Amino acid sequence: MQTSPDDSNPTVLITGGLGCIGVTTTQWLLKHYDCQIVILSRKADQASVEQEFPESNGRVNAVAADVRSVQDLQAVLDERQITHVAHMAGLQTPDCNANRDMGLQINLAGTQNLIEAIKQSNLAVQRVVFASSVAVYGPRDSYPAGQVPMLSDPSPVNVYGVWKLAGEHVSRLFHEETGVPTINIRPGALFGPGRDRGLTATPTTAMKHLAVGKPYEIPYRSKQDYLYAHDVGAAVANTLLEPFEGYASFTLPGHTADSATFVRLIQELASELEIEDPGITHGQDEVPFICELDFEPFCKAFPKAALTPLKEAIRQSILVFQEQSAKGMLHLS
């Protein structure tokens, strides 16, 4: 474990801290940094947080609060003496499409509320990390063949992407007004333990079905950038506590692969792990996910961040799901 280079005793606030990225970020921070962590969520309670992070030894605390309240957020910042903020709270694409007003209030207004709360808390905060998304880009055919430069023109195709892009501009204005180092990260399609919602969660669902011996078809075929949830948590932890000055947006390290390759790796691992393949396949409807995004600028800025080989990440995920299944803790839906 190392002390943060940024601060001898940092206290990190993670909004939406019980979501997939929030959990993996907290796990990485607990393992690699000497810091205190405050999990903020509308339904957070200390008992559930301690159950989620049994290795925390009192270093993780829960706060139930809503990002729609500037006053609540400012109280958390001041009372907990927050020094670093990772803003992960937000509705995913299906929920934004189903309830646009709620999505607007949480995903965009919630980001603005947090920024205002930080400004009103006398700027004790030393670093802000905003979880944007590759949804700020357009469809893959909007860009030339080959690697897509990180700073290619955004052209979001849904309100989720529009609000994420607007959130990036909110964070940029915050940095320009205050000078606080600020980073936007743009995760892509996560997979692995903890990933359970949305269309791009279906590759993870396929691995869960393998673990319990049930057939499953990923309902599309595509080329996409696969990001292991564990690696994304490592990336966020690095952006929070490793040296950085200024303002930047980064796409995160991942592996570009098509659905057939992902399914083939699952099948290979089923054989290697002596699991009978119940029939893991993919559909034929093509989805034009953005992919082949350049993440080299991130690697240069944060060289300690992890990038697990794709097959090994799938292996680790399957083993976790097998263990969860044996304990009766694996939910397929």
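Provided above is the structure to which this section pertains.
This report concerns the structure included in the present document.

Parameters at a glance
Residues numbered from 1 in each chain as written. Predicted model: local features only at pLDDT ≥ 70, side-chain atom pairs only at ≥ 80, totals over all residues. Heavy atoms only, no water. Helix = DSSP H or I, 4+ residues; strand = E, 2+ residues; numbered from the N terminus. Rg over C-alpha atoms; globule rule 2.2 N^0.38 Å. Contact = heavy atoms within 4.5 Å. Areas by Shrake-Rupley, 256 points an atom, 1.4 Å probe, with all protein chains shown as cover. Axes fitted to C-alpha atoms, helices over the stretch in contact; angles between N-to-C directions. Parallel < 35°, antiparallel > 145°, perpendicular 65-115°, else oblique. Left-handed = near helix turned anticlockwise from the far one by under 90°. 1 Å grid on protein atoms, 1.4 Å probe; cavity = no way out; pocket = protein on both sides within 12 Å on 5 of 7 lines; lining within 4 Å. Points joined across faces, edges and corners; volume = space filled by probe spheres on them. Nonpolar A, V, L, I, M, F, W, Y, C, P; charged D, E, K, R; others polar. Pairing = 2+ DSSP bridges. Salt bridge = Lys/Arg side-chain N within 4 Å of Asp/Glu carboxyl O. Buried < 20%, exposed > 50% of the residue type's maximum accessible area, 1.4 Å probe, protein only.

A few points about the overall build of the protein
And then number 1: Of regular secondary structure, the protein possesses eleven helices and twelve strands.
And then number 2: In terms of overall size, the protein behaves like a compact globule, its C-alpha atoms giving a radius of gyration of 19 Å where 333 residues would be expected to give roughly 20 Å.
And then number 3: Dimensions of the protein along its principal axes, counting C-alpha atoms only, are 60 × 45 × 40 Å.
And then number 4: Excluding contacts between residues fewer than 6 apart, the proportion of contacts in the protein whose partners are at least 24 apart in sequence is 78%.
And then number 5: With an accessible surface of roughly 14,200 Å², the protein has 49% of that area assigned to carbon and sulfur atoms.

Quick notes on the packing of helix H7 (residues 202-212) against helix H9 (residues 259-272)
And then number 1: For the pair H7 and H9, interaxial distance at closest approach is 11 Å and the crossing angle is 20 degrees. Relative to H9, H7 is oriented roughly parallel. Between H7 and H9 lies a crossing whose hand is right-handed. Residues Pro-203, Ala-206, Met-207 and Leu-210 of H7 form the contact with H9, whose own contacting residues are Phe-262, Ile-266 and Ala-270.

Regarding empty space enclosed by the protein
And then number 1: Counted according to the given criterion, the structure contains two cavities of 30 Å³ or more.
And then number 2: Taken as a whole, the largest cavity encloses approximately 60 Å³ of empty space.
And then number 3: Looking at the largest cavity, the residues that line it are Val-134, Arg-186, Gly-188, Asp-225, Leu-227, Thr-251, Leu-252, Gly-254, His-255, Leu-293 and Phe-295.
And then number 4: Residue classes in the lining of the largest cavity are distributed as five nonpolar, four polar and two charged.
And then number 5: Approximately 40 Å³ is the volume attributed to the second largest cavity.
And then number 6: Taken together, His-87, Thr-111, Leu-114, Ile-115, Val-128, Phe-130 and Ser-171 form the lining of the second largest cavity.
And then number 7: Elements that contribute at least two residues to the lining of the second largest cavity include exactly helix H5 (100-120) and strand E5 (127-131).
And then number 8: Ranked by residues supplied to the lining of the second largest cavity, first place goes to H5 with three residues.
And then number 9: Here the lining of the second largest cavity is composed, by residue class, of four nonpolar, three polar and no charged.

Quick word on the sheet that holds strand E7 (residues 189-191)
And then number 1: Ordered in space as E7-E9-E11, the three strands form an open sheet in which the pairing is mixed. Taken across any chain shown, the strands that pair with only one partner, and hence form the sheet edges, are E7 and strand E11 (255-258). Ignoring strand direction, the axes of neighbouring strands in this sheet form an average angle of 50 degrees.

Overview of the pattern of salt bridges
And then number 1: Under the counting rule described, the total for this entry stands at 15 salt bridges.
And then number 2: For Glu-176, the salt bridge identified is with Arg-172, shortest N-O distance 3.1 Å. With Glu-176 and Arg-172 both in helix H6 (residues 159-178), this residue pair falls four residues apart, about one helical turn.
And then number 3: Residue Glu-176 is classed as exposed on the basis of its relative accessible area of 52%.
And then number 4: A relative accessible area of 27% means that Arg-172 is categorised as partly exposed.

Thoughts on the sheet that holds E5
Strand pairing in a sheet takes place through backbone hydrogen bonds and is either antiparallel or parallel in direction.
And then number 1: Taken together, seven strands build an open sheet; the order of strands is E3-E2-E1-E4-E5-E6-E10 and the sheet is parallel. Of all strands in the sheet, those bounded by a partner on one side alone are strand E3 (60-64) and strand E10 (247-251). Taking each pair of neighbouring strands and ignoring which way they run, the sheet shows an average axis angle of 15 degrees.
And then number 2: Relative to the sheet, helix H3 (residues 70-79) contacts strand E1 (11-15), strand E2 (36-41), E3 and strand E4 (84-87), its axis offset from that of E2 by approximately 170 degrees.
And then number 3: Along the sheet face, helix H8 (residues 229-241) touches E1, E4, E5 and strand E6 (182-186) and points at about 150 degrees away from the line of E5.

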